[in-house]
Amino acid sequence: MQSSGWIFALSLAAVLAGNTAAAAAAAHETTERNCSAHPPFLPSTTVNTTLQLQELRRSMNLQNISAYIIPSSDAHLSEYIAPRDARMAFMTGFTGSAGTAVVTQTKAALWTDSRYWVQAERQMDCNWELEKDVSISSVADWLIAEFPQGGQIGFDPFLFSIKRKEDYSINLASSTLVLKSITTNLVDQVWKERPAVPNDNVTRLPDRIIQRSWQMNVEHIRNQMKANPYRPTALLLSALDETAWLFNLRGNDIPYNPFFYSYTLLTLDEIWLYLHTNRVTEDLKTYLNVSCNETLCVQLKNYDRVLNDLRVYVAKPEVKVWIGTEYTSYALYEIIEEQGKLVTSSYSPVLTTKAVKDETEQQNLRDAHVRDAVAVIQLLMWLEKVVPEGKQTELTAADYVNKCRSKQKDSRGPSFATISASGPNAALSHYSPTAETSRRLTVDEMYLVDSGGQYLDGTTDITRTVHWGDPTAMQREAFTRVLMGNIDISRTVFPSDTRGINMEMLGRRALWELGLNYGHGTGHGIGNYFGVHEWPVGFQSNNIPFRAGMFTSIEPGYYKENDFGIRIEDIAVTVPAKTKYGHNYLTFETVSLVPYDRKLIDVSLLNTEQLLWLNKYYETIRMLVGPELDKQGHHEEKTWMLKHTEPFLISTSSAAAFVRSSSLTIIAVTIVQLLNIF
């Protein structure tokens, strides 16, 4: 899955402002604002932000600041945020998942990328300017132009990453503007009806799906602290999945993500867990050994105390705090850094340890994907039957697959907002349907569905692209080239500790040969009942090297503007590879188990090795998903699956294609090996 575009529905901004009439109208509004008209035209999807801007400006006066920066992040730098952290949406009316708002005494501006320009014009009133950029340098240039004589620019350091703060400082260095850290968020002060923290209890994972107890996790991380040459005395965990993993706990604070608001300060002999303590049951206190005083006893602290407690801790002599810089807010970083007590790495030892799944976690994820395949097969078979009737839409298809997943064992809901896209909508790689954008599904257009589920034992994410009519030659060729890229990565053999960026080109090579490409990443990590995008695994330059037991998506694609989109996404696990001479080599084993659309595959383009891989994959689907379909009584779906997983014949033309591509394959593998060396 690539990050969904409209994470919140268009009506969220209206709900945040208490305007239910605007929320209802959002489903039908198609026009954009026109602030140059007399009087200005505003569609019913816009939110009146005059009052919140007036109140925010009064708070800014009290702080003696010229401007206030409002990012779209939360205090844990999460990809998905809770409604109570949607400060940018409350202030602007714009509910996209990425952006930066800036308010001065006379102006208000929003920066966002091209995915959201139309959405912003439909949701923001004329109090706001839209800046079609996302760079910090653009925001800084705007501020410098507004305040050439200097001034103070306020920001909440909890919502800034370390890098974001450094980038602002660098880009404002040529001016006399000064950044002012204000730990009390000014938007929260004026947001009278800000959603509360959910009152659901924090829960523990059942023993049946756990191999490592939380005590084992703590001891393992403490051993890494002791092995660190800089000798940290404490480890600060800020990302929500870090604390959840350490204690085998889950919550319900973030949409689609089973997390709860938390921090952990782990020392060599103490454990401080910061959360909303009223949500911890007596049974959970017993589970965490709260009442004892040993090194494996958890001291529960109120969530809001982390800043003060950290300040007290770093004031002690001879202490050092280890942080992962990617997910630690500037608010916490600046306290440790000021005292010179800092030990850093890009990712904490919890994130790098969590990336390698133990045997139980691996089996759990495999099992979850078998059940998930049943739901996706149900969807594809149903669509094949009903789309010709002309009554189904992108939204009804998304609802159907969500309902299918909800009936599977241990289902805990979707893992993200389903991307259900037909025709030109599928050409928008981050599109998700809304009531106003949903298209009717027809046999004349390609259809892309990117969806996933949360299960008690695993998280899933899979994309399939299909056509129910007669695809064009170009569509078939593009689809097949995307499939070739997926297979080429999936079947590659590489040394352990190879970086994903060094083999990412294999997913693009078949497309490059036609002068085609795609503009998103090729894969991301995934968790065990965790985030659907789990860092730091994947194929980007800032991902960690692959080791056995890591799970990643493999998802090349192609998008023809205003016409169609293709993505083929599978989840795969790294497993030891059998080689003739070498040792410590890995390959990928695909755990997503849904067949590809045969109508879109041009077999003549596939070489022998690709066809052999495809036939083996289909054999695996039959072997693993077939019995599950029988078990659940889905006999029609099994017949459909068997039809769509019939083996492909390997022709002489395929063998010839294999010979032609062999030299290119050797070159590609050689490049991967050379890049690993350097």
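Anything mentioned here points back to the structure above.
The structure presented is a predicted model; accordingly, all values stated were derived computationally and were not measured.

Quick look at the packing of aromatic side chains now. Enumeration over the complete set of coordinates arrives at 26 aromatic pairs. Each ring, one from Y263 and one from Y303, has its centre 5.4 Å from the other, and the planes form 25 degrees; the classification is stacked. With a gap of 40 residues between them, Y263 in strand 10 (residues 263-267) and Y303 in the loop between strand 12 (298-302) and helix 12 (306-314) connect regions that are remote in the sequence. The class for Y263 is buried, based on a relative accessible area of 1%. Through a chain of ring-to-ring contacts, the aromatic side chains of F155, F160, Y168, Y330 and Y333 assemble into a single cluster.

Each α-helix turn comprises 3.6 residues. Residues three or four places apart therefore point the same way. Taking 1.5 Å per residue as the helical rise, helix 9 (residues 214-227) with its 14 residues ought to reach 20 Å, and the 20 Å between its terminal C-alpha atoms agrees with that figure. Taken residue by residue, helix 9 has W214, N217, V218, I221, R222 and M225 as its buried positions. The buried residues of helix 9 occupy an angular sector of 130 degrees when the element is viewed end-on, so they sit on one face.

It is worth spelling out the environment of K638 at this point. Within the secondary structure, K638 is located in helix 20 (residues 635-644). Sequence-wise, K638 and D207 are 431 residues apart; in three dimensions their C-alpha atoms are separated by 33 Å. Those residues in contact with K638 that lie beyond four places of it in its chain are G626, L629 and D630.

Of note, I323 is situated in strand 13 (residues 321-324). What makes I323 buried here is its relative accessible area of 0%. As for I323 and S348, which are separated by 25 residues in sequence, their C-alpha atoms are 6.1 Å apart. Once residues within four sequence positions are removed from consideration, I323 is found in contact with I162, L236, T328, Y333, I336, L342, V343, T344 and S345.

With that settled, consider the state of the cysteines. Counted under the stated rule, the structure contains 2 disulfides. Bridging C292 to C297, the disulfide has an S-S length of 1.5 Å. Its S-S torsion of about -105 degrees marks the bond between C292 and C297 as left-handed, since a negative value means left-handed. C292 gets classed as partly exposed once you look at its relative accessible area, which sits at 29%. Numbered by order of appearance in the sequence, the disulfide-linked cysteines of the protein pair as 1-2, 3-4.

Counting buried residues along helix 10 (residues 240-247), 8 of its 8 residues qualify, which places the element largely inside the surrounding structure. All of the buried residues in helix 10 are L240, D241, E242, T243, A244, W245, L246 and F247. At the exit of helix 10 stands N248, carrying a positive phi of roughly 55 degrees.

The strands that make up a sheet are held in pairs by hydrogen bonds between backbone atoms, and each pair lies either parallel or antiparallel. If you trace the 3 strands from one edge of the open sheet to the other, you get 15-18-19, paired in antiparallel fashion. Here the strands that pair on one side only, and so sit at the sheet edges, are strand 15 (411-414) and strand 19 (458-459). Pairing of strand 18 (residues 453-455) with strand 19, which is carried by 2 bridges, proceeds in the antiparallel orientation. Bridged to Q454 within strand 19 is T459.

Each value, and the rule that gives it
- Residues numbered from 1 in each chain as written.
- Predicted model: local features only at pLDDT ≥ 70, side-chain atom pairs only at ≥ 80, totals over all residues.
- Heavy atoms only, no water.
- Phe/Tyr/Trp six-rings, centres within 6.5 Å; stacked < 30°, edge-to-face > 60°.
- Helix = DSSP H or I, 4+ residues; strand = E, 2+ residues; numbered from the N terminus.
- Buried < 20%, exposed > 50% of the residue type's maximum accessible area, 1.4 Å probe, protein only.
- Expected span 1.5 Å × (residues − 1).
- Arc of directions from axis to C-beta.
- Contact = heavy atoms within 4.5 Å.
- Disulfide = S-S within 2.5 Å.
- Pairing = 2+ DSSP bridges.

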